[in-house]
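Coordinate inspection notes
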Amino acid sequence: MARLNVVEAVDQALRQEMELDPDVIVLGEDVGRNGGVFRVTEGLIDRFGPERVIDTPLAESGIVGMAIGMAIAGYRPVAEIQFSGFVYPAYDQLVSHAARMRTRSRGEFTCPLTVRMPYGGGIRALEHHSESMEALFAHVPGLKVVVPADPYEAKGLLAAAVRDPDPVVFFEPARVYRAIKTDVPEEVYTLPLGKARVVREGRDVTVLAWGAQVRTVKEAAQQLDSEGTADVEVIDVRSLSPFDFETVTASVVKTGRAVVVHEAPRTCGFGAEISAQLMERAVLHLKSPVLRVTGFDTIPPLAKLEDHYQPDANAVVEAVKASLRF
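The rules behind these values
Residues numbered from 1 in each chain as written. Predicted model: local features only at pLDDT ≥ 70, side-chain atom pairs only at ≥ 80, totals over all residues. Heavy atoms only, no water. Patch = residues over 30% accessible without salt bridge, like charges linked within 9 Å, V, L, I, M, F, W, Y side chains within 5 Å. Areas by Shrake-Rupley, 256 points an atom, 1.4 Å probe, with all protein chains shown as cover. Salt bridge = Lys/Arg side-chain N within 4 Å of Asp/Glu carboxyl O. Helix = DSSP H or I, 4+ residues; strand = E, 2+ residues; numbered from the N terminus. Buried < 20%, exposed > 50% of the residue type's maximum accessible area, 1.4 Å probe, protein only. Core = buried A, V, L, I, M, F, W, Y, C linked by side-chain atoms within 4.5 Å. Domains from an automatic or database assignment. Contact = heavy atoms within 4.5 Å. Pairing = 2+ DSSP bridges. Axes fitted to C-alpha atoms, helices over the stretch in contact; angles between N-to-C directions. Expected span 1.5 Å × (residues − 1).

Here the focus is a nonpolar patch on the surface. On the surface, Met279, Val283 and Leu284 cluster together to form a nonpolar patch covering roughly 340 Å² of accessible area. As for its position among the elements, Val283 is in the loop between helix 10 (270-282) and strand 14 (291-295). Here Val283 falls in the partly exposed class, since its relative accessible area comes to 40%.

Moving on: the nonpolar core. With 45 residues, the main nonpolar core has Leu94, Leu113, Phe137, Phe171 and Trp210 as its most contacted residues. Broken down by secondary-structure element, the contributors of at least two residues to this core are helix 3 (60-72), helix 4 (91-96), strand 5 (114-119), helix 6 (134-138), strand 7 (168-173), helix 9 (245-255), strand 13 (258-265) and helix 10. For this core, the leading source of residues is helix 3, giving five residues. For this core, the two domains that each supply at least three residues are domain 1 (2-184) and domain 2 (197-325). Those residues in contact with Phe137, other than ones at most four positions away along the chain, are Val87, Tyr91, Leu94, Leu143, Val145, Val169 and Phe171. With 36 residues, the next largest nonpolar core counts Val7, Leu44, Val168 and Leu191 among its residues.

This next bit is on the sheet that holds strand 2 (residues 24-28). Pairing is mixed across the open sheet formed by seven strands, whose spatial order is 3-2-4-5-7-6-12. The open sheet has two edge strands, strand 3 (53-55) and strand 12 (239-241), and neither has a second partner. Pairs of neighbouring strands in the sheet enclose a mean axial angle of 20°, with direction left out of account. Here strand 6 (residues 144-146) pairs with strand 7 via three bridges, running parallel. Residue pairing for strand 7: Lys144 is matched across the bridge by Val168. Relative to the sheet, helix 3 contacts strand 2, strand 3 and strand 4 (76-80), its axis offset from that of strand 4 by approximately 170°. Sheet contacts for helix 7 (residues 151-163): strand 2, strand 4, strand 5, strand 6 and strand 7; angle to strand 7, the most-contacted strand, approximately 160°.

Further remarks concern the side chain of Ser84. Inspection of the secondary structure puts Ser84 in the loop between strand 4 and helix 4. Every residue in contact with Ser84, bar those within four places of it in the chain, is listed here: Met117, Pro118, Tyr119, Glu131 and Phe171.

What follows concerns helix 1 (residues 6-20). Between its first and last C-alpha atoms helix 1 spans 21 Å; for 15 residues at 1.5 Å apiece the expected length is 21 Å, and the two agree. Of all 15 residues in helix 1, eleven are buried; the element is thus mostly enclosed. For helix 1, the set of buried residues is Val6, Val7, Ala9, Val10, Asp11, Gln12, Ala13, Leu14, Gln16, Glu17 and Met18.

Turning next to the pairing of strand 2. In terms of burial, strand 2 is largely enclosed, as five of its five residues are buried. With five bridges joining them, strand 2 and strand 4 adopt parallel strand pairing. From the neighbouring strand, Val26 faces strand 4, where its bridge partner is Val78. Bridging between strand 2 and strand 3 involves three bridges; their strand directions are parallel. Its bridge partner being in strand 3, Val26 is matched across the sheet by Val53.

This paragraph deals with the sheet that holds strand 13. If you trace the five strands from one edge of the open sheet to the other, you get 9-11-10-13-14, paired in mixed fashion. The open sheet has two edge strands, strand 9 (197-200) and strand 14, and neither has a second partner. Across the sheet, the mean angle separating the axes of adjacent strands is 25° when strand polarity is ignored. Most of the contacts of helix 9 go to strand 11 (residues 232-236), to which it runs at about 170°, and overall it touches strand 9, strand 10 (205-209), strand 11 and strand 13.

Quick look at the structure:
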């Protein structure tokens, strides 16, 4: 058992999956000799060579398009997009081809493609480097959307994504790439896609989050607990598509209250879908409306305003208190 950060856990998952399956190929801008913009793929080219760790041109549509062709041919490509804000030229490839291949071929072909990309703010980056637009992909039938919250989750979920027969968009929260370390087993393991994780059990209110915001919510829960204000149940969503409504609904039925936290813009963010589903599934158990703590309906700001844009623990605490006051 080693103490790893997210970068190290992702690297270990890729290395182990490539050792287990010669059809796993990594491709993207600077993933080879430079080891990726965050050094996630560092050393892979020395271990597996340039035919399996491929440096590509700066052409996101080409990267994903080529990976789709590889996947249909029987390989398991893992395509890296340097930042999620750069993926939009490849959105057509994902929506029009990767997501539809199983249906288009009436099940004759699948598209076992994983697209990795850092997302979200918190690293004082430039424009197009801090987006949190996961809802765009969760809305597309045929795409799976996964967001790990810590190193243990990152390794297990990525291994499962690489082995999945369908395309997986794998968002890695840049803010926690090196911010936290957890115990990560050295042996190979997977975590199920489409299954949420109860991080902390509680009785008064359910707070849901994914990615870097899980850490924020845990801080808020600890603060509320120390104040004696609320016993918060924290759920790490893990997977936006497929989404584990059974675990979430059971928690909200128990607590009677729900707060959804994400740094994406508020309007049509995935929190709205969770809120609507809870109204359909658990309305008679709700003691207050489902509340959302989100980013703003603006382009993510540059460094000086970044802390004002992202939800913090204080904002989550206030939302929980508002839910309890209703």
